[in-house]
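Here's the letter readout for the chains.
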Amino acid sequence: MTETTINDLKNRGLHLLQKRAFQDAESLYLKLTRIAPDDAEAWFMLGAINGQLGNFETAIDCGKNATRINPDYADAWYNLGQAYLKKNQQSNAKDCLQRVITLQPENANAHIALGTIHLNKGETELAIIRINTALSIQPENSQARMLLGGVYSRLNQNNEALEQFRKAASISPDSPEINYNLGLVYSKLGNPNEAEKHLGKAVRLNPNEPDYLNHYGLALKQLDRTDAAIQAFRRVLALKPDHEGVRFMLAALGEEPTPEHAPEKYVRALFNSFASYFDHHLTAELEYRTPHLLNDAIRSLTGGNSRKLDILDLGCGTGLCGPLVRDIAERLVGIDLSEKMLEKAREKNVYDQLHADDITRYLQQSDDHFDLIVAADVFPYTGNLKQIFELCTAR
């Protein structure tokens, strides 16, 4: 087949892609790769189309062919890296994206993608370096601004996060994802009016995203706009009927049957999301005193008793009680549903054991016995206390 015919097919393929006729374009480019198996561009386009269609294994195979034929094909290396990311093959993705940067040091999108890989691996400082490199190349890249805002939000540097999300929104004001993240950080900063404004905009731009609707409902509830909040929560359930957290919230508003206890999945997700800023928010902003009041009560009961105690901290969270009772503990055990909260508790280095579990289940299954059981603000999530008190008595 002549080069002219191949170019004609490529032009037809591009026309189909402009019409978003991906299936027809895939058939055409598949035909092209059979006619011209050494045409790197044909393999690249076929891989890109399969990426759009969610066929990431095929996209990877096509990308390998394109880069084998033309090892200097930066766009093909980039798309191959993205396909590997979709398959959660982080190491392969990293190799491809580093190849892109070798070929195109000013490729901002490759730096952003590498920043995402560093984030996934918990390498926050390296992620920030990569994202800032992308921004030095493209200061108006809203994706990079949003990603950097997300990093700062994870670090509980909410004012810095707000600055980046606001810059991202000024660049891409109609991005639902940016408005959603902007609303979340305003909520963290205690500004429910701005939170509702941006979460509402995210919902209007993408009305079928359950997370947007859920957090919009929470913002409305915080503003005492209960009827509107209920409507938002109902829309979540229409899209995601098994959303336990929303059913629990509707029950709290008297719109659903009251459950026996808060759903485990809801409680775990809720406190996992709080973990990074929980201590600061409670102690510095809310002047939270419950652990200290409990400690005072314990000291008044134990008096001058020098015997060390085996202590169980129910719903220990980030371990705010642990340091206060460590000096009277022979053994200190903490239990909590949230793995992220337990990570913070572990950093305090005061617990002998930490368990990620439901407290009722732990008490039912454990053979351990304790002299003292501490519970600070966990019982609102456990429902009927009769069973828990019986289990504690048996310990």
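A brief report on the enclosed structure follows. (Residues numbered from 1 in each chain as written. Predicted model: local features only at pLDDT ≥ 70, side-chain atom pairs only at ≥ 80, totals over all residues. Heavy atoms only, no water.)

## Observations regarding the overall build of the chain
Here is step 1 of the chain: Scanning the chain from N- to C-terminus turns up 22 helices and four strands.
Here is step 2 of the chain: Scaling as 2.2 N^0.38, a compact globule of 395 residues should have a C-alpha radius of gyration of about 21 Å, whereas the chain reaches 27 Å, well beyond that.
Here is step 3 of the chain: With the principal axes as the frame, the chain shows a C-alpha extent of 95 × 45 × 40 Å.
Here is step 4 of the chain: The buried share among the 395 residues of the chain stands at 45%.
Here is step 5 of the chain: Sequence-distant contacts in the chain: of pairs separated by 6 or more residues, those separated by 24 or more amount to 50%. (Helix = DSSP H or I, 4+ residues; strand = E, 2+ residues; numbered from the N terminus. Rg over C-alpha atoms; globule rule 2.2 N^0.38 Å. Buried < 20%, exposed > 50% of the residue type's maximum accessible area, 1.4 Å probe, protein only. Contact = heavy atoms within 4.5 Å.)

## Let's talk about helix 20 (residues 339-347)
Here is step 1 of the chain: Within helix 20 the residues assigned to the buried category are M341, L342 and A345. The buried residues of helix 20 occupy one face: seen down the axis, they fall within an arc of 100 degrees.
Here is step 2 of the chain: Positive phi shows up at N349, right after helix 20, with a value of about 60 degrees. (Arc of directions from axis to C-beta.)

## Description of the packing of helix 16 (residues 264-274) against helix 20
Here is step 1 of the chain: Two elements in contact, helix 16 and helix 20, have axes separated by 7 Å at closest approach and are oriented at 45 degrees. On the basis of the axis angle, helix 16 is oblique to helix 20. Where helix 16 approaches helix 20, its residues R268, F271 and N272 are matched on the opposing element by E339, K340 and M341. (Axes fitted to C-alpha atoms, helices over the stretch in contact; angles between N-to-C directions. Parallel < 35°, antiparallel > 145°, perpendicular 65-115°, else oblique.)

## Regarding the pairing of strand 4 (residues 372-375)
Here is step 1 of the chain: Burial of strand 4 is one-sided: the residues L372 and V374 facing one way are buried, the residues I373 and A375 facing the other way are not.
Here is step 2 of the chain: Looking at chain direction, strand 1 (residues 309-314) and strand 4 are connected through four bridges and run parallel. When the bridges of strand 4 are listed, L314 appears paired with A375. (Pairing = 2+ DSSP bridges.)

## With respect to the pattern of salt bridges
Where side chains of opposite charge bring their charged atoms close, a pairing between them can arise.
Here is step 1 of the chain: The full count for this structure, using the stated rule, is 18 salt bridges.
Here is step 2 of the chain: Measuring nitrogen to oxygen at the nearest pair gives 3.2 Å for the salt bridge that ties R247 to E256.
Here is step 3 of the chain: Here R247 falls in the partly exposed class, since its relative accessible area comes to 35%.
Here is step 4 of the chain: Close ionic contact of E264 with R361 constitutes a salt bridge, the shortest N to O distance being 2.9 Å. (Salt bridge = Lys/Arg side-chain N within 4 Å of Asp/Glu carboxyl O.)

## Things to note about helix 7 (residues 108-120)
Here is step 1 of the chain: If you check helix 7, its first and last C-alpha atoms are 19 Å apart, about what 13 residues at 1.5 Å a residue would give, namely 18 Å.
Here is step 2 of the chain: Along helix 7, the residues classified as buried are A108, A110, H111, I112, A113, L114, G115, I117, H118 and L119.
Here is step 3 of the chain: The inward-facing, buried residues of helix 7 contact helix 5 (74-86), helix 6 (90-103), helix 8 (124-137) and helix 9 (142-154).
Here is step 4 of the chain: Where helix 7 starts, the residue carrying a side-chain oxygen 3.2 Å from the main-chain nitrogen of N109 turns out to be N107. (Expected span 1.5 Å × (residues − 1). Polar contact = N/O pair within 3.5 Å; in protein donor to acceptor, adjacent residues only side chain to side chain.)

## Description of the nonpolar core
Here is step 1 of the chain: With 71 residues, the main nonpolar core has I131, L182, I311, L332 and Y351 as its most contacted residues.
Here is step 2 of the chain: Among the nonpolar cores identified, the runner-up in size contains 22 residues, and L17, L28, A36 and W43 belong to it. (Core = buried A, V, L, I, M, F, W, Y, C linked by side-chain atoms within 4.5 Å.)

## Quick word on the pairing of strand 3 (residues 353-356)
Remark: a regular strand shows side chains that alternate across the two faces of the sheet.
Here is step 1 of the chain: Strand direction decides the pairing type here: strand 2 (residues 329-336) and strand 3, joined by four bridges, are parallel. Looking at strand 3, one finds that V333 is bridged to Q353.
Here is step 2 of the chain: After leaving strand 2, the chain enters helix 20 and then returns to the sheet as strand 3, a path that is right-handed. (Right-handed = clockwise from strand over helix to strand, strands pointing away.)

## Brief notes about the side chain of S338
Here is step 1 of the chain: Mapped onto the elements, S338 comes out in the loop between strand 2 and helix 20.
Here is step 2 of the chain: When sequence neighbours within four positions are dropped, the list of residues in contact with S338 reads R268, F271 and N272.

## A look at the sheet that holds strand 4
Here is step 1 of the chain: Taken in spatial order, the four strands of this open sheet run 3-2-1-4, and their pairing is parallel. The strands lining the two open edges of the sheet, one partner per strand, are strand 3 and strand 4. The mean inter-strand angle of the sheet, taken between neighbouring strand axes irrespective of direction, is 20 degrees.
Here is step 2 of the chain: Here helix 20 sits on the sheet in contact with strand 2 and strand 3, set at roughly 170 degrees to strand 3.

## A few points about the state of the cysteines
Here is step 1 of the chain: All chains considered together, the criterion is met by zero disulfides.
Here is step 2 of the chain: Free cysteine C62: the closest other cysteine sulfur is in C96, separated by 14 Å. (Disulfide = S-S within 2.5 Å.)

## Remarks on the side chain of Q90
Here is step 1 of the chain: Tracing the backbone through its elements, the reader meets Q90 in helix 6.
Here is step 2 of the chain: Taking the relative accessible area as the measure of exposure, Q90 reaches 18% and is therefore buried.
Here is step 3 of the chain: Within the structure, Q90 has its side chain in polar contact with the side chain of N88 (distance 3.0 Å).

## So, the environment of Y84
Here is step 1 of the chain: Here Y84 lies in helix 5.
Here is step 2 of the chain: In this structure Y84 comes out as buried when scored by relative accessible area, which is 8%.
Here is step 3 of the chain: Between the alpha carbons of Y84 and C96 there is a distance of 8.9 Å; along the sequence they are twelve residues apart.
Here is step 4 of the chain: Setting aside residues no more than four positions away along its own chain, Y84 makes contact with I60, K64, Q89, N92, A93 and C96.

## Brief notes about the environment of L253
Here is step 1 of the chain: Within the secondary structure layout, L253 lies in the loop between helix 15 (244-252) and helix 16.
Here is step 2 of the chain: When its relative accessible area of 23% is taken as the criterion, L253 is described as partly exposed.
Here is step 3 of the chain: For L253 and Y277, which are 24 residues apart along the polypeptide, the C-alpha to C-alpha distance reads 27 Å.
Here is step 4 of the chain: If we ignore the near neighbours within four places in the chain, the residues touching L253 are K221, T226, I230 and F233.

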